[in-house]
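Listed here are the chains, written in short residue letters.
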Amino acid sequence: MIERVTLRLVEMELLFPFETSFGVEKRRRFVVVEVFEDGISGWGEAPVSLHPLYSYETAGTVWSVLKESIIPFVFKEKIEDPYRFHEKVNRFRGHRMAKASFELSLFDLYAKKKKEPLWRIYGGEKKEIEVGVSLGIEKDINKLFERISYFLERNYKRIKLKIKPGWDLQVIEKVRERFPNIPLSVDANQAYRENDIEHIKLLDNFNLLMIEQPFPASEIELHKRLQEEINTPICLDESVCCYKDMERAWRMRAMRILNVKPSRVGGACEVLKLHEFAKREGIPLWCGGMLESGIGRAHNLHIATLSSFVLPNDISENSRYYEEDITYPLFEITKRGTLPLPDGEGIGVNVDLSFLESITLRKEYLHSSLT
Ligand code: OSB
Ligand code: MG
């Protein structure tokens, strides 16, 4: 039985500001979950942003839903098995990042108790993961060229550029002139509207691997209309929060590729369902990222070992975003543009408790005996 849960509100400074169509992020404030049983800790992370822009979840909502609802429920029902957690926690609506952070910490614990690396628990089939990099909006195009060159030299296998109205066609055109053959994709984070369709269609001329989430999350029909008129595959991110969302979008032909984030869909059990469907239907998947600390990064790496994750993943070296990180050893990219799976038990990386303490703004212990 889970004896104790520790919630930590953690703040980490980004090495570089990260700008998307939502705005600029300079630091992250997110929640780290530690579940504790029999002297073993399981770790999870809710990679929320300061404000409800990517989704409605923030550190505040994650904290309160975990503390007021999920954790008391887990203690009351004596849940320690991540599969059972996934089934039971369904009674609470939404709040998938909060659920995912807890479920993934249970998975880490579960794998550690079995003395197995997490990827083996999931049935993964890879020893290293191909990675790409996601580059934010820059002040000028030369700065962007510099960033692209830097990450190509580090062997990242795909460059994804954030776009928004005013930072799109002209930028992509210049990038294509300068780098005619690199694997390139774009991500709009919902920035366009129905009357932008004609404009967005012109992105079809740049041999992009995909166009990620051009329209608002609920606009499946709009994505379908765009996909009918362009050859470049549309990839959904924010629109798909569960298996049902994926099935609907796929059957409607609103997407040809899916970005899977365990934290967006509520954890690894839901990812396993997406994976089974993707395998049956031949849908190419890849694992997205949310500027995670080393904890979430390790979880994402294990998830990406599943065989339907066939495209380069947004899982970068820790040093892409942070000067120092909560976990060690740090992930380092190989010449092949991959991150090797850590072979330790559970997530396979260690938590640097003293560093974690030094960046913790708020901490709370929840004990099973007190509920
Ligand atoms: O849309 O994929 C996204 C970061 C924060 C919020 C949303 C997204 C992103 C990224 C970064 O693209 C990917 C990464 O963690 O490297
Ligand atoms: Mg995205």
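First things first, this report covers the structure right here in the doc.

What counts and how
Residues numbered from 1 in each chain as written. Chains lettered and ligands numbered in written order. Predicted model: local features only at pLDDT ≥ 70, side-chain atom pairs only at ≥ 80, totals over all residues. Heavy atoms only, no water. Helix = DSSP H or I, 4+ residues; strand = E, 2+ residues; numbered from the N terminus. Rg over C-alpha atoms; globule rule 2.2 N^0.38 Å. Buried < 20%, exposed > 50% of the residue type's maximum accessible area, 1.4 Å probe, protein only. Contact = heavy atoms within 4.5 Å. Areas by Shrake-Rupley, 256 points an atom, 1.4 Å probe, with all protein chains shown as cover. Lys, Arg positive; Asp, Glu negative; His and termini not counted. Charge placed at Lys NZ, Arg CZ, Asp CG, Glu CD. Near = heavy atom within 4 Å. Polar contact = N/O pair within 3.5 Å; in protein donor to acceptor, adjacent residues only side chain to side chain. Nonpolar A, V, L, I, M, F, W, Y, C, P; charged D, E, K, R; others polar. Salt bridge = Lys/Arg side-chain N within 4 Å of Asp/Glu carboxyl O. Donors = N, O, S within 2.8 Å, 3.2 Å for Na, K, Ca; no water. Pairing = 2+ DSSP bridges. Axes fitted to C-alpha atoms, helices over the stretch in contact; angles between N-to-C directions.

For the protein, the helix and strand inventory stands at 13 helices and 15 strands. Computed over its C-alpha atoms, the radius of gyration of the protein comes to 20 Å, within 12% of the 21 Å expected for a compact globule of 371 residues. With respect to the principal axes defined by its C-alpha atoms, the protein has extents near 60 × 40 × 35 Å. Taken over 371 residues, the protein has a buried fraction of 60%. Within the protein, residue pairs in contact and separated by at least 24 positions form 72% of the contacts whose partners lie at least 6 positions apart. Counting every atom, the protein has about 15,400 Å² of accessible surface; 48% of that belongs to carbon and sulfur. For the protein, the distance from the average position of its 54 positive side-chain charges to the average position of its 57 negative side-chain charges is 2 Å.

Glancing now at the site of ligand 1. Neighbouring ligand 1 are 15 residues; Ser134, Asp187, Asn189, Leu291 and Tyr321 lie closest to it. In the model, an oxygen atom of ligand 1 is placed 2.9 Å from a nitrogen or oxygen of the leucine 291 main chain. Measuring from an oxygen atom of ligand 1, one finds a side-chain N or O atom of tyrosine 321 at 2.7 Å. A breakdown of the residues in the shell around ligand 1 according to their chemical character gives five nonpolar, three polar and seven charged.

All right, on to the pattern of salt bridges then. Applying the stated criterion to the full structure yields 35 salt bridges. The shortest N-O distance in the salt bridge between arginine 8 and glutamate 34 comes to 3.0 Å. Remark: glutamate 34 occurs in strand 2 (residues 23–37) and arginine 8 occurs in strand 1 (residues 4–20); sequence separation between them is 26 residues. Overall, arginine 8 belongs to the buried group, its relative accessible area being 4%. You can call glutamate 34 buried: its relative accessible area is 7%. In this structure, glutamate 198 and lysine 201 form a salt bridge, with 3.2 Å as the shortest nitrogen-oxygen distance. Taken together, the positions of glutamate 198 and lysine 201, both in helix 7 (residues 197–201) and three residues apart, correspond to about one turn of that helix. If you follow the salt bridges from partner to partner, you end up with Arg158, Lys160, Lys162, Asp187, Glu212 and Asp314 in one network.

Our next topic: the coordination of the magnesium ion (ligand 2). All of the protein donors around the magnesium ion (ligand 2) are Asp187 (OD), Glu212 (OE) and Asp237 (OD); their distances to the metal are 2.1 to 2.3 Å. Residue classification places glutamate 212 among the buried positions, given a relative accessible area of 0%.

Bringing the sheet that holds strand 5 (residues 133–135) into the picture now. Spatially, seven strands are ordered 5-6-7-8-9-10-11 in an open sheet, and the strand pairing comes out parallel. Each of the sheet's edge strands pairs with one partner strand only, and the pair in question is strand 5 and strand 11 (285–287). Relative to strand 10 (residues 257–260), strand 9 (residues 234–236) is paired through two bridges, and the arrangement is parallel. Bridge assignment links cysteine 235 to a residue of strand 10, and that residue is isoleucine 257.

This brings us to the sheet that holds strand 3 (residues 40–46). Across the sheet, four strands lie side by side as 3-2-1-15; this open sheet has antiparallel pairing. Lying at the two open borders of the sheet, with one neighbouring strand each, are strand 3 and strand 15 (360–367). The mean angle between the axes of side-by-side strands here comes to 25 degrees, regardless of whether they run parallel or antiparallel. Each of strand 1, strand 2 and strand 3 is contacted by helix 3 (residues 96–113), which is oriented at about 155 degrees to strand 3, the strand it contacts most.

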